[in-house]
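# A closer look at the structure
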Amino acid sequence: MTAVRIDRSDGVAVLTIANPPVNALAAAVRAGLDAALAEAQDDADVRAIVIAAEGRVFIAGADIAELGKPPLPPALPDLLRRIEGSGKPVVAAIGGAALGGGLELALACHARIVTPVATLGLPEIKLGLIPGAGGTQRLPRLIDPAAAFAMMRDGEPITAADAIARGLADAADGPNLLAAACARALELANGGRLLRTRDRTDRLTSEARAAFEREAADALRRSPELPNVPALVAAVRAAFERSFDEALAVEREGFLALIDDPRSRALRHVFFAERAAARVPDLSRDVPRRPVQRVAVVGAGTMGGGIAACFANVGIPVTLIEQEEEALKRGLDRLRATYDQSVKRGSLAPADRDRRLALIEGKVGLDHAGDADLIVEAAFEDMAVKAAIFATLDRVAKPGAILATNTSYLDVDAIAAATARPQDVIGLHFFSPANVMRLLEVVRGAATAPDVLATSLDLARRIGKLPVTVGVCFGFVGNRMLARRTAAAERLLLAGALPHEVDAAVTDFGFRMGPFAMMDMAGLDIGWRSRKATGAKAPVADALCELGRFGQKTGAGFYRYADGARVGSRDPEVEALIEGVSAKAGAVRQSFTAEAIIARLFYPMVNEGARILEERIAARPGDIDVVWLNGYGWPAWRGGPMHWADGVGLAHVAAMLDGFARETGDETLRPAPLLLRLAAAGESFEALGKAA
Ligand code: NAD
């Protein structure tokens, strides 16, 4: 089968791309188009050319399989130059998505005809790149340059109606796209001199330049670490300042530099890891789903309210259940206040707030969960409490209802064992604030039925979450690794670092907040209570709690928060306390560079990640990265802990961990067998993920 077919009728050559499933611009398609274009040029009977595509997608973009490999001719920019330079008019007939290189191809044509379902976009920014085949030059010539920049900065496609309104495309008059495109092509052939996109300068005015510069300054300020934003700004700026060919060279140079930039590679890794996370290796696509029309949430505390909002926000009615009236009222009041805030900020219309609130019904007593298809338990983090709730739910829930727990650390299988229907039980671990955070750890228990898992994953997407399927263990993926970082942070204090030094190293690395500021925000008392229950120790944090310093909520924790401040300041009392604790432990205090702090904090996390993979708690290294990127603020341009460790070098990570283990006698720091194996073989987590 050839990737491009040529048909002639009434003086028009129609070049049809057929490269299922999404007509990616693979080398065969480029070569096919090039040959067909030459054939049409040489044919004296052909007066005009139409480029069309089979299937529901016009062209979804470059062939991602070719990314990073030596380029195969013809290069897309060369093909587009020939399309644009054609003496016979070329019209794109777009009946579906025209994305990335697909839209760039259409921009090089002399007209674009779209059906109402077409979408047009340049999503390269999401892959850490910029358009590399003239998109940054042709789009600002066809539509308002500031709007063109915004479209490339966001990477979101626009609708056909929007494209028509902006002057990017014309509507097909009549139901037959191909006929409309052929008619337009002949019209252009009869119309005398062809207007090429590259020759247009009417949109590149000084007012447009000023508007673009404002957008550009804003984008640079908002994402200072992303390498592709300055590259995009430079390319679009060149459209105003240089000739078309010179500006194209600026774009190309920026594009090629990004291909090799480690930050750009990390962003690409994130993009593909998020897509891969949607696939659960041993879950068939054909598993039937359970209908979910009504949800109940147990517990109207911090998490329960946010979880209820997630469902109400997409139109699913929710019963929010508490054990007594007062707690219920508090929870409902808090929910209303959150919605009021959104209205005040202007992000929610008052009518939408009212509609959403009307979908949430508060009730006292678990009996009210009887008509729910999904029940999410968000009560206290206590096994006895959860076991009692699930035993009751087993009695009151209708047959086939999904019983989910939002537990952070507890054993989902033990919770399931409190029921006679463990196959219906699953963990849905939301992150705080539940209505905002995108991540959802979906915890698959030993007995969880495939349709319960499949339904939960669908539902997660329906409420706008990014679900990652994980197995049962203490803290699942995210909190299990976080516990290693927390322990490492405490060790650093005993060994000589101070909280602000550790936090500064972590924010310089790219996090918005360091571990101590984060602990102060979350509250130190939760960990303290659970350590008391298990006999674990964190000498500094324990000592702070003994003094009633529970973090922000008490005005003092690792830092001091004067008058309700949300950013803490250094506290000499804490620093003296730390020195006292480390003297008592007989530690010789030393100073640490930021690099040493990062190694001591993050290598133990990577090590735990390796154990998580060995135990098959996560299916792939990329899943772990997705958890940390979306739940814990790992900077996207660093690609997640496992991707980052690959960049550091696994042999180095393993050797350093071995040193930490010897130094502290802490066995958990010994390199995990998987890490040692990869390090010895000179392999990476990335390669392991590809094999998964
Ligand atoms: P919370 O104390 O704010 O709220 C718990 C609520 O559950 C309380 O209002 C309580 O009255 C209610 N409750 C207790 N027993 C009940 C019963 N039998 N019937 C009805 N209501 C009952 O706690 P939270 O922070 O919202 O945490 C809830 C769960 O979510 C815990 O398992 C926690 O580990 C988990 N979680 C918390 C966070 C977080 O950041 N707070 C994040 C992820 C998961």
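Attention in this report is confined to the structure presented alongside it. Nothing here was measured: the structure is a model prediction, and the numbers come from that model. (Residues numbered from 1 in each chain as written. Predicted model: local features only at pLDDT ≥ 70, side-chain atom pairs only at ≥ 80, totals over all residues. Heavy atoms only, no water.)

## Topic: helix H23 (residues 572–584)
The following threshold applies: A helix here means a DSSP run of H or I that spans at least four residues, while a strand means a run of E at least two residues long, and both kinds are numbered starting from the N terminus. A helix is expected to reach a length of 1.5 Å times the quantity of its residues less one. Per-residue accessibility, obtained with a 1.4 Å probe over protein chains only, is compared with the maximum for each type, and a residue is labelled buried under 20%, exposed over 50%, and partly exposed between these values. An arc is given here, and it is the one of the directions from the helix axis to the C-beta atoms. We call two residues in contact when some of their heavy atoms are within 4.5 Å. Here a polar contact means two N or O atoms within 3.5 Å. Within protein one must be a hydrogen donor candidate and the other an acceptor candidate, and residues neighboring in sequence count only if both atoms are side-chain atoms.
In a regular helix each residue adds 1.5 Å, so 13 residues correspond to 18 Å; H23 covers 18 Å between its end C-alpha atoms and thus fits that length. All of the buried residues in H23 are Val574, Glu575, Leu577, Ile578, Val581 and Ser582. Seen end-on, H23 carries its buried residues on one side only, within an arc spanning 160 degrees. Residues of H23 that are exposed and point over 90 degrees away from its buried face: Pro572, Ala583 and Lys584. Looking at the buried positions of H23, the neighbouring elements they touch are helix H18 (478–495), helix H19 (499–509) and helix H22 (539–546). Of the residues that open H23, the one with a side-chain oxygen 3.0 Å from the backbone nitrogen of Glu573 is Asp571.

## What about the nonpolar core?
Stated precisely, the cut-off is as follows: What makes a nonpolar core is a set of buried Ala, Val, Leu, Ile, Met, Phe, Trp, Tyr and Cys residues whose side-chain atoms join them at distances within 4.5 Å. Domain limits in this description derive from either an automatic procedure or a database domain assignment.
Ranked by internal contacts, the top residues of the largest apolar core, which has 100 residues, are Phe558, Phe602 and Phe685. It is helix H24 (residues 594–614) that provides the largest number of residues to this core, a total of 11 residues. Built from parts of two domains, this core gets at least three residues from each of domain 2 (295–470) and domain 3 (498–584). Excluding anything up to four places from it in sequence, Phe685 contacts Val606, Ala610, Leu613, Pro621, Met642, Ala645, Asp646, Leu650, Leu674, Leu675 and Leu678. One finds Ile83, Met151, Ala235 and Val236 within the second-largest nonpolar core, a separate group that totals 67 residues.

## Some thoughts on unusual backbone geometry
For the bond running from Pro20 to Pro21, omega is 5 degrees, close enough to zero to count as cis. Within the element layout of this structure, Pro21 appears in the loop between strand E2 (12–17) and helix H1 (27–42). Cis geometry is adopted by the peptide bond preceding Pro433, which originates at Ser432 and carries an omega value of -5 degrees. Considering the arrangement of structural elements, one finds Pro433 in the loop between strand E15 (425–430) and strand E16 (439–444). Non-glycine residue Arg616 carries a positive phi angle of around 60 degrees. Tracing the backbone through its elements, the reader meets Arg616 in the loop between H24 and helix H25 (621–631). When its relative accessible area of 69% is taken as the criterion, Arg616 is described as exposed.

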